[in-house]
Amino acid sequence: MKISRRRFVTGASTVLATSMLPCGFARSASTPVTGCSTIPLPPMEERPRFRWWWPGGYVEPDQIEREVAAMADAGFGGFEIADVRDGIQVPLDPKTYGWGSKRWVAAVERALEVAAQRGLKADITLGAHWPTGVPGVTPDDPAAAKELVHGLLILDGGESYSGTLPAFAKPASGLHMHTVPPRVTAQLLRVQAYRELRVESGTTVLDPASRIDLTDTVTDGALDWQAPAQGRWHLFAFWVRGTAQTQNLFDRAIATSMLSDPVACAVDVYGKAGTRACIDYWENHLLPPRTRTLLRQIGGNFFEDSLELKAVKHWSPDLPREFLQLRGYDVFPFLPLLAVSADDVGELPPWIEEKPPRLYQLDGIDPDRFDEDFQQTLTQMYANNRIRSLSEWARTLGMGMRAQCSGLAAAYCDVPEGDNADNIDSFSAKAAARDIAGNRILSDEAATFIGGQAHVADWKLLLFMLQRDFAGGVNQVVLHGFSYADSPDAKWPGFSAFGRVIGNDWGPRSPLWHHASDISGYLGRLQHLLQSGRSQADVVVLEPISRSSVAANFNRSGSSFGEALRLSGYTRHHIQPDLLNHPKAAVEGGVLTPNGAGYRALVLVPTQEMAPETAEKLRDFAAAGLQLILIGAAPTDVPGLHDIKARKHRLAQAWQHLHTYKSVHTVATEQAAIDKLNQVGVAPVLGFSAQCRVLPIVRVHANWTDYYLLNDSDAEIPLTMSFRGTGAATEIDLWSGNQYRLENFQAAAGRIRGPLTFKANEARIIRLHHRNSTCKDSPVRNPLAALKTQLPLQQWQLRVEDWQPGDDATTTRKTVHQLQLEKLSAWSDIALLRDVSGIGHYSTQLSLPKTWRPTDGAVLDIGRVGGSFRLRINGRDLPPLNQFESRFEVAEWLQAGNNDIEVEVATTLNNRLRSLGPDAGISLPIGVEMPDAQFSDDWRPPADADAMAPPTGTYLGAPLAGPDAMMAPGATAPGGGRRVQAYGLIGPVTISHG
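Within any chain, residue numbers begin from 1 and follow the written order of that chain's sequence. Predicted model: local features are reported for residues with pLDDT of at least 70 only, side-chain atom pairs are reported and counted for 80 or more only, and whole-chain, interface and lining totals are derived from all residues. Side-chain measures were taken over the full set of non-hydrogen atoms in the model, leaving aside hydrogen atoms and water.

*Asks:* If you had to explain the overall build of the chain to someone new, which residues and values would you point to?
*Replies:* Note on conventions: DSSP H or I runs of at least 4 residues are helices, E runs of at least 2 residues are strands, and numbering of each starts at the N terminus. Broken down by element type, the chain carries 16 helices and 47 strands. For the radius of gyration, the atoms used are the C-alpha atoms, and the globule rule reads 2.2 Å times the number of residues raised to 0.38. Taken over C-alpha atoms, the radius of gyration comes to 30 Å for the chain, in line with the 30 Å a tight globule of 994 residues would show. Seen along its three principal axes, the alpha-carbon backbone of the chain occupies a region of about 110 × 70 × 55 Å. Relative to its full complement of 994 residues, the chain shows a buried share of 62%. Residue contacts follow a heavy-atom distance rule, with two residues in contact if any of their heavy atoms lie within 4.5 Å. Within the chain, counting contacts between residues at least 6 apart in sequence, those at least 24 apart form 82% of the total. Summed over its atoms, the accessible surface of the chain is roughly 36200 Å², and 49% of this surface lies on carbon and sulfur atoms. Charged-residue counts in this description rest on Lys and Arg as positive and Asp and Glu as negative, His and the chain ends being excluded. For charged residues, the charge sits on one atom: NZ in Lys, CZ in Arg, CG in Asp, CD in Glu. Here the chain holds 96 positive side-chain charges and 109 negative ones, and the gap between their average locations is 5 Å. Partly exposed describes any residue whose relative accessible area lies between the buried limit of under 20% and the exposed limit of over 50%, with all areas from a 1.4 Å probe on protein chains only and scaled to the type maximum. Computed by Shrake-Rupley with a 1.4 Å probe, the accessible areas treat only the displayed protein chains as cover when residues are assessed.

*Asks:* How would you sum up the pattern of salt bridges? Please name residues and give values.
*Replies:* Just to be clear on terms, a salt bridge is a Lys or Arg side-chain nitrogen sitting within 4 Å of an Asp or Glu carboxyl oxygen. Taken as a whole, this structure holds 53 salt bridges when the rule is applied. A salt bridge links aspartate 538 to arginine 724, with the shortest nitrogen-to-oxygen separation between them at 3.3 Å. With aspartate 538 in the loop between β19 (534–536) and β20 (539–542) and arginine 724 in strand β30 (residues 717–724), this pair connects stretches of sequence that are 186 residues apart. A salt bridge links aspartate 877 to arginine 872, with the nearest nitrogen and oxygen atoms 2.8 Å apart. Through salt bridges with shared partners, a single ionic network connects Arg51, Glu80, Asp123, Asp305, Arg402, Glu417 and Glu445.

*Asks:* Hey, could you go over the state of the cysteines for me, with residue numbers and the actual values?
*Replies:* By definition, a disulfide is the covalent link that joins the sulfur atoms of two cysteine residues. The disulfide criterion used throughout: a pair of cysteine sulfur atoms within 2.5 Å. Throughout the structure, instances matching the rule amount to one disulfide. Put simply, cysteine 36 and cysteine 775 are joined by a disulfide, and their sulfur atoms are 1.9 Å apart. Handedness here is read from the sign of the S-S torsion; for cysteine 36 and cysteine 775, about -70°, the answer is left-handed. Here cysteine 36 is found in the segment before β1 (49–54), whereas its partner cysteine 775 is found in the loop between β35 (763–769) and β36 (789–792), with 739 residues between them in sequence. Judged by its relative accessible area of 24%, cysteine 36 is partly exposed. Taking the relative accessible area as the measure of exposure, cysteine 775 reaches 5% and is therefore buried. The thiol of cysteine 413 is unpaired, and the distance to the nearest cysteine sulfur, on cysteine 405, comes to 3.9 Å. Look at cysteine 413 and you get buried, because its relative accessible area is 0%.

*Asks:* Could you give an account of the side chain of arginine 699, with specific residues and numbers?
*Replies:* Mapping arginine 699 onto the fold places it in strand β28 (residues 694–700). With no salt bridge to any partner, buried arginine 699 finds its closest opposite charge in aspartate 435, at an N-O distance of 5.1 Å. Nitrogen and oxygen atoms within 3.5 Å of one another constitute a polar contact, given that in protein one can donate a hydrogen and the other can accept it, and given that sequence-neighbouring residues count only through two side-chain atoms. From its side chain, arginine 699 meets the backbone oxygen of glutamine 531 in a polar contact 3.4 Å long. Within the structure, arginine 699 has its side chain in polar contact with the backbone oxygen of serine 532 (distance 3.0 Å). In this view, arginine 699 contacts Arg434, Asn475, Leu529, Leu530, Gln531, Ser532, Gly533, Arg534, Ser535, Trp704, Thr705 and Asp706; residues no more than four positions away in its chain are not counted.

*Asks:* Kindly report on the packing of helix α10 (residues 459–470) against helix α11 (residues 516–531), identifying the contributing residues and their values.
*Replies:* Viewed as axis vectors pointing N to C, α10 and α11 meet at an angle of 10°, and their least axial separation amounts to 12 Å. Overall, the two elements α10 and α11 adopt an arrangement that is roughly parallel. Contact with α10, carried on its side by Trp459, Leu463, Leu466 and Phe470, involves Ala516, Ile519, Tyr522, Leu523, Leu526, Gln527 and Leu530 of α11 and no other residues of that element. Polarity classes work like this: nonpolar for Ala, Val, Leu, Ile, Met, Phe, Trp, Tyr, Cys and Pro, charged for Asp, Glu, Lys and Arg, and polar for all others, with Gly in that last group. Taken together, the residues of the contact of α10 with α11 break down into 10 nonpolar, one polar and no charged. Between the N-to-C directions of two axes lies an angle of 0 to 180 degrees, each axis being a line fitted to C-alpha atoms and, for a helix, fitted only over the stretch in contact. Any angle between 65 and 115 degrees counts as roughly perpendicular, while under 35 counts as roughly parallel, over 145 as roughly antiparallel, and the rest as oblique.

*Asks:* Outline the sheet that holds strand β8 (residues 203–213), listing residues and values.
*Replies:* Strands are labelled as partners when DSSP assigns at least two bridges between them. Spatial strand order, β13-β5-β10-β7-β8-β14: six strands in an open sheet with mixed pairing. Across the chains shown, the open sheet's two edge strands, defined by having one partner strand only, are β13 (314–315) and β14 (360–362). Judged from the seven bridges that link them, strand β7 (residues 187–200) and β8 form a sheet pairing that is antiparallel. Bridging from a neighbouring strand, arginine 195 pairs with aspartate 207 of β8.

*Asks:* Tell me about the nonpolar core, and name the residues and values.
*Replies:* Ranked by internal contacts, the top residues of the largest apolar core, which has 182 residues, are Trp52 and Trp54. If one sorts the elements of this core by residue count, helix α7 (residues 367–396) sits on top with 10 residues. Ignoring anything within four residues of it in the chain, the contact list for tryptophan 52 reads Ile64, Glu67, Val68, Met71, Phe79, Glu80, Ile81, Ala82, Ala111, Phe482 and Tyr484. The next biggest cluster of nonpolar side chains, apart from the first, holds 36 residues, and it includes Trp852, Ile862, Ala891 and Leu894. Throughout this description, the term nonpolar core refers to a set of buried Ala, Val, Leu, Ile, Met, Phe, Trp, Tyr and Cys residues connected via side-chain atoms within 4.5 Å.

Right, dumping it as structure tokens:
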């Protein structure tokens, strides 16, 4: 089951903020570059963004201006305004401070004004929380989220019943979320009786032919009926009612956390009325003329988070009509298959394999087929009635639509988004939707559970997590998150949206912010490169299932076949059949979506079941020349219940016709499929001299191709790699933007080959230049030399800015400590600094021989560093440094004789917060206990790391293994206590020179 930040939102909280100003950062416009040029800082729209957490309308214009300026000055490109105040424990009047209040609308307008002035993009969540709700929508409103429930009477043959219809045994799924329970009126859908045949393993089997529809005999909610003489009869009253799920921060602190006035109930995301209610509320209440103008000027997105809906069984008033239209048969005779016990309230999502036993089956009818039809109908309704409609409306305002969705819905929104639950395959499925639709961005709710608590993770751990998402096709990150400064009950260092339990509080309240511009520059260049050109994947893998397991994050590496393709050098996307129905999913010149990812082949994984429409689409692709590799036997079954015999015949005809084309190939195994790809001329874009976990992303330009390559392991990997194409090979340093020519790369047989050694968890950008470009003016990056003289730098002066609580929750007092160190050690090993968080300024002197010259070379090894760092030599700041490295060529900044060496280290706030006592402000669900975060003492990759094993990143500061295997490396479940982290320049530090 997807681990979500929301599962843990069940208690109260403490909070966060500081008055510190951000460091300076020069904005730069986009500059045209040649393929060999230095990569400048990109325009703001291509830089990383924040989820900006507001405590509703409890915000002030001046502070809004300061926080937007802080983001811009630190080089970040935008924000998403999100009303997330799960950490507040005191009442906050929703009429005054709620989402959509006059204060909130005015605050949004002010945020947009400052964003426009600073060139930032601004997104806004569609509702006050998730799932989306609309103030004033009550459970009985046609626009409200609905659930299907049933009441039951069991009658013996010939028995009579006269009385009111039976009702469901439990109240609406979200009713407990209200302080004043609203009216929930169940509307009668159908009254039906079925004869019982038998009971098998706790499931009652009914005779579908015995169905008696009694709906029209109901008078004033009562029924007078006598069961037929034979058998035992089950009399169902099926009701549709509002779920009453509201946006009050889920099941936590209900009395203090209503988000709007009137209360916002969750809307129906499947039917048209729910979407219409959202649009109408925005148009009528939230878009004054100035706001409309600013939104069009800025051109951001509305955003809808993941669907986390409470329901006995999801329903929509539109469902019966659309089910009949889409599936070709009436849903009503099959309603007993949707019956759920009152003891099993809270429907499991479709990707969970372990479900409660069925209450009922209909004899001779495969219930799984009906489930396929039912879930597929909801999926299509969501894509068409929700995402497509919202996207069309957003564009009328000059905006786009960003949503956490997949499949056809992801193709309908302007910016699909993934999150903590996505693995390589599920991210690639969203990337496929982006590319097939002709869109540019795949967004990422980035690092949702980083470190287990706020103020544990540093920038290095953040990058460690993000680079894996980039390897799945992500090219825009929305960091989770940036909390507004204050709230009514904030404790130092200020408001924290989730009470410091979920996500991190990036921003100027943390010492790490002092180095934020270095990180935004790195991420900005990377996002620029991954957003430029055209995404390319060699192969698209079709998963022919109605309810896809592609998005299920049971294996963070992805599917076995996806891994086999990668090991063979192929880039791939995974898609579901509904994407084949997109109008841009077309083949030209034997290439599927030539203006998108340019798939040169489609591989169908083994399946026994396929919709005839999918087979006919594959037939059309084959007719247009696309190479199709079909693994295993032909599918002989079709999904769904309707007209099975005719649809099987149609499938067989399409399959037979499919095999008349020369571009169609049937193989027995996954390896045979890979071999066949080579035989038909679909060569892999990459080649590896050894098996490894190098994950590739490819972006194609007219004159060059960029390869993002991630070593997804804790092992160093020496390789010889080959790239399809000709021309010079260069590497782009994302920290500086410099491009370096790669020597020892040779061209042969249409490929470029050369040596590349990947350090543990290293991400690299390799550029292959077309048209015989040599990039002869680009410098060559040589390995750091093993120089003959090595000097230890042991004695240091240390000045520490100790960040402590000030006079109020948002003020930080900075006490200065001066120390003379005879040897370097972690702050936690120094009595005065054990509980200190802040910024350390280390300085020492180095004397070089008078005969030394910069051409002799010099390498500074700073050893272990707890936090982020910068270097200054002889009063000159070095450019941003790779935070994963410890050795740097510094000859350019040194001189013969005396030299001043300074290292600045910025830490997290973890150690200071630990010293102040427990601060986890959101209680965990009853019975759930999370262990305290534990960290490794290692700071180098393990010497025995397996190049084929997923990384742990514990040497980079990732907590030791959390309680849930679905967590991404670097994340762990929230709620445990804090542990001391090793801060400062720990060393050993040496200088080597020639």
